[in-house]
Amino acid sequence: MPLRAIKESDLETILKWRNSDAVRLNMFSQATITFERHRAWFFQMQQDTSSVWWLYECGSGKASGVVYFTDVDMDSGICFWGFYVAPDSKKGIGSEMGREALNRAFAELGTRKVYGDVLEFNERSQRFHEKLGFEREGCMREHHKLDNAYYDVIRYGLLKSEWNGNGS
C-alpha cells in the first residue's frame, strides 16, 4: 500500500523535506525546525487520536511525500488535510498521493468532507486542490501573518459525494 503510518526511522527524511525552501516557504509556519522539536512532534502526534499522518511511497517504494488528516471529527464527518512532497519527487507524485489519500480518507476514516487552507501566494496548491475536485469555499482576508505582512487564506472543501475517486 503506498500510504503507511510514519515511523520514527522516517523522521530525518521528513525533516529534510519540511525544512527545504521548496516546502517550508509555502507553509503557514515557515521557521526551520530542529530535529529535537520534530521528534517531540512525532511522539505527540502518535498520541493524537484525531489525526492520521501517512508517508507516501511511490511505486518504486521510494518515500516521496507526507499527507495528513487532522481534527478528524467523527460526529460531523469532517477533517482538515495537508500534504507536501519531497522536493526531488517526480512530476505527478503529488496528484498520485492526493488521490490515494482522499480515497482512503473517505473509505477508511469515515469522513464525508475534507477541507484545507491555502495561502494566497501558493498558486500551485490552489491548482492542485482544484484539479482534485475541491471547491473554493471562501477567502479569509488578511488572515495569516508572515514576516510582518498579512496574507489571505483560501479555504477549499471536497464532499465525499463529489469525489469520483480519481480527482478528474
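Residues numbered from 1 in each chain as written. Predicted model: local features only at pLDDT ≥ 70, side-chain atom pairs only at ≥ 80, totals over all residues. Heavy atoms only, no water.

> Quick one: what's the story with the pairing of strand β3 (residues 63–73), residue by residue and with numbers?
The element β3 is extensively covered by neighbouring structure, given that eight of its 11 residues are classed as buried. Direction of pairing for strand β2 (residues 52–57) relative to β3: antiparallel, over a ladder of six bridges. Looking across to β3, one finds that Trp53 is bridged to Tyr68. Between the antiparallel neighbours β2 and β3 lie five residues, among them Gly61 with a positive phi of about 85 degrees. (Buried < 20%, exposed > 50% of the residue type's maximum accessible area, 1.4 Å probe, protein only. Helix = DSSP H or I, 4+ residues; strand = E, 2+ residues; numbered from the N terminus. Pairing = 2+ DSSP bridges.)

> I'd like a description of helix α3 (residues 35–47), backed by residues and values.
With 13 residues, α3 ought to run about 18 Å at 1.5 Å a step, and its terminal C-alpha atoms sit 19 Å apart, in line with that. Restricting attention to buried positions, one finds in α3 the residues His38, Phe42 and Met45. The buried residues of α3 occupy an angular sector of 70 degrees when projected down its axis, which confines them to one face. Turned more than 90 degrees away from the buried face of α3 sit Glu36, Gln44 and Gln47, all of them exposed. Those residues of α3 that are buried are in contact with α1 (11–19) and β2. (Expected span 1.5 Å × (residues − 1). Arc of directions from axis to C-beta. Contact = heavy atoms within 4.5 Å.)

> I'd like to hear about the pairing of strand β7 (residues 149–159), residue by residue, with values.
Pairing analysis gives seven bridges linking strand β5 (residues 113–119) to β7, with the strands arranged antiparallel. The residue bridging Gly116 from the neighbouring strand is Tyr156, located in β7. The hairpin turn running from strand β6 (residues 135–146) into β7, its antiparallel successor, is two residues long, and Asp147 in that turn takes a positive phi close to 50 degrees.

> An account of unusual backbone geometry is needed here, citing residue identities and associated values.
For residues that are not glycine, phi is negative in most cases, and the peptide bond is trans in most cases. Positive phi outside glycine occurs at Asp147, with the angle close to 50 degrees. Relative to the helices and strands, Asp147 is located in the loop between β6 and β7.

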